[in-house]
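# Understanding the architecture of this molecule
The lines below spell out each chain.
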Amino acid sequence: AAVCSAKEPSRMSTEERIIRLLNITSGYYKVAAPPPDNGTANVIKFRTKLIRISSVDVVNQLVSLDLWIMMFWTDLRLAWNETDDPKLAKFEKIFLPTDYVWLPDLSLSHPVDVKSFETNKFLVDVSSNGRMKLETPLGITIKCPLKMRDFPFDTQVCQFSFSSAAKKQTLLQLEIKSGLPINYSEINLQNNEYCVTSVRSVIIDFSTQFPQFKKLLVTVEFE
């Protein structure tokens, strides 16, 4: 009779060895938030990148945008080092499907429409120090007060925001992830009709009624 044995380490990829070491499939609870970064809150650094303005509906006051969304956070439950396995010390990164790990509950506030993407097709970048990074495309349609009185010399200002539906700032702390300066010429290569002049992000209170909740407000200006 054949004898079944566990897979030999030499036949495993490095990524599989790290996943087995971290016990992701049985000992990791993705429904629970990671240990907090500052004693109480998980710090989520957020960045949006505008790819293009896909359409403008003047009659219905709607604007459709294609974005890249980037989120950065820390989950020390998914960290590893040389004390865990000296052979894995030199490997600094693995990639995991999104449905295997905890994700921040950040969503777009009051969209008219969100283009559907299969989130589980994207991978989370996991570093050996527990740093996590997720990048996903997002297509959104939002209400925007379009003012056409000065057409064709008009300037339009549209806003959208991301926030947690359940967690206050004391539990989930939103921050803006700094990056390279915005290359407006690159954005405008994707837009034949519109010229993007400014994209700004700021963290503000969700509302005057709920100052304990924060949101990331993005303002896009175009001509």
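Residues numbered from 1 in each chain as written. Predicted model: local features only at pLDDT ≥ 70, side-chain atom pairs only at ≥ 80, totals over all residues. Heavy atoms only, no water.

Which entries qualify depends on this criterion: UniProt positions are given in the numbering used here, feature names are shortened, and annotations may be inferred rather than shown by experiment.
Looking at an unreviewed UniProt entry, the protein carries the name Neur_chan_LBD domain-containing protein, with the source organism given as Macrostomum lignano. In the Subcellular location (unreviewed entry) part of its UniProt record, the protein is described as follows: "Membrane". What UniProt states about the protein under its Sequence similarities (unreviewed entry) heading is, verbatim, "Belongs to the ligand-gated ion channel (TC 1.A.9) family."

## Section: the sheet that holds strand 11 (residues 214–222)
Rule in force here: We treat two strands as partners when DSSP finds at least two bridges between them. A run of DSSP states H or I qualifies as a helix once it reaches four residues; a run of E qualifies as a strand once it reaches two. Both are numbered from the N-terminal end. Angles here are taken between N-to-C directions and fall from 0 to 180 degrees, while the axes themselves are lines fitted to C-alpha atoms, restricted in helices to the stretch in contact.
Ordered by their spatial adjacency, 4 strands build an open sheet running 4-8-11-10, and the pairing between neighbours is antiparallel. Here the strands that pair on one side only, and so sit at the sheet edges, are strand 4 (106–108) and strand 10 (196–205). Here the average twist between neighbouring strands, direction ignored, is 20 degrees. Where strand 10 lies against strand 11, 9 bridges are found, and the strand directions are antiparallel. If you follow Ile 203 over to strand 11, its bridge partner there is Leu 216.

## Quick look at the pairing of strand 8 (residues 156–164)
Using the following cut-off: Relative accessible area decides the class of each residue, using a 1.4 Å probe on protein chains only: under 20% of the type maximum gives buried, over 50% gives exposed, and in between gives partly exposed.
For strand 8, the buried fraction is high: 7 of the 9 residues fall into the buried class. Of the strand pairs in this sheet, strand 4 and strand 8 are connected by 3 bridges, and their pairing is antiparallel. Each residue of the ladder has a partner; that of Ser 107, found in strand 8, is Ser 163. Judged from the 8 bridges that link them, strand 8 and strand 11 form a sheet pairing that is antiparallel. The partner of Gln 159 across the bridge, within strand 11, is Thr 219.

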